[in-house]
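In case you want the letters, here they are:
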Amino acid sequence: MSFTEKISQEELIAFLLTAKRRTYVGHGAETEPSRPASHDLRYEEWTEKGTLLYIDSYLGGQKFGGEEAVWLDGLPLWSMNYYGQVVDEPFSGDFLKAALYDVPAEKPFRGPELFRQGDYSYHCKVDGDFAFFHGYEDICHQGRKVYELYFHGGVIV
C-alpha cells in the first residue's frame with residue numbers, strides 16, 4: 001500500500017514542516033539515542049489518518065551525517081539523508097536554524113533558495129521533487145564559505 005492511499009502528499013508535507021520546526025530547527029530537545037553516539041530528535045502526531053512519526057537522527061558535529069524520516073502507523077513514507085561539514089569559522093548554528101525554519105512547502109527539504117541575516121547568507125539548490133530529489137546548501141560569512149551540506153531522498157514505497 002502506498003502512502004497516497006492513506007494520506008495525501010500535501011498532508012505529509014504539512015506534517016513534515018511542523019515536525020522540522022518542532023525539533024532541530026525549533027531548538028527541540030534530543031530524545032534517547034537510537035544508535036551509539038547518535039543525536040535523535042523525534043516528533044509524533046496523532047491524526048484521524050493514523051499516527052505520524054518523524055525522526056531526525058545524526059552522527060558527528062563538525063563533520064556529520066544523518067537521516068530524517070516519516071512513518072504513518074509504522075509504515076515508512078519518506079526519507080532524506082544528509083552529510084555536511086563546518087569548513088571555516090565563524091559558523092553559526094543559530095543562523096542555520098533560522099534559515100531552515102524558513103523551509104518552503106514547495107521544496108520541504110532544507111531551507112529556502114536564499115536567506116540572509118547580518119553577515120551570513122544561506123543558499124540552497126534542489127533538483128527533483130518530493131518523490132525523488134537531491135541538493136546542496138552552503139552558508140557564507142561575509143562572502144566566505146563556512147559550511148556546506150549535501151542531501152538526497154524521496155518517497156518510500
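Procedures and definitions
- Residues numbered from 1 in each chain as written.
- Predicted model: local features only at pLDDT ≥ 70, side-chain atom pairs only at ≥ 80, totals over all residues.
- Heavy atoms only, no water.
- Buried < 20%, exposed > 50% of the residue type's maximum accessible area, 1.4 Å probe, protein only.
- Helix = DSSP H or I, 4+ residues; strand = E, 2+ residues; numbered from the N terminus.
- Pairing = 2+ DSSP bridges.
- Polar contact = N/O pair within 3.5 Å; in protein donor to acceptor, adjacent residues only side chain to side chain.
- Core = buried A, V, L, I, M, F, W, Y, C linked by side-chain atoms within 4.5 Å.

Trainee: How should the pairing of strand S7 (residues 132-141) be read in this particular structure?
Mentor: The two faces of a sheet get side chains in turn, since along a regular strand they alternate between them. Burial runs high along S7: eight of the ten residues are buried. Sheet analysis places strand S6 (residues 120-129) next to S7, joined by ten bridges and oriented antiparallel. Its bridge partner lying in S7, Gly128 is registered against Phe133. Two successive antiparallel strands, S6 and S7, enclose a turn made up of two residues. Examined bridge by bridge, S7 and strand S8 (residues 144-155) share ten bridges and lie antiparallel to one another.

Trainee: Even after reading the chapter, I still don't get the side chain of Ser57, so can you show me in this structure?
Mentor: Relative to the helices and strands, Ser57 resides in strand S2 (residues 50-60). Polar contacts involving the side chain of Ser57 include one to the side chain of Asp40, which spans 2.8 Å.

Trainee: Looking at this structure, I do not really get the nonpolar core. What am I missing?
Mentor: Generally speaking, a soluble globular protein has its nonpolar side chains buried in company with each other. The biggest cluster of nonpolar side chains holds 38 residues, and the ones touching the most others in it are Val70, Leu77, Trp78, Phe109, Tyr122, Ile139 and Phe151. Of all the elements, helix H1 (residues 9-22) adds the most residues to this core, at six residues.

Just distances and angles here, no functional claims.
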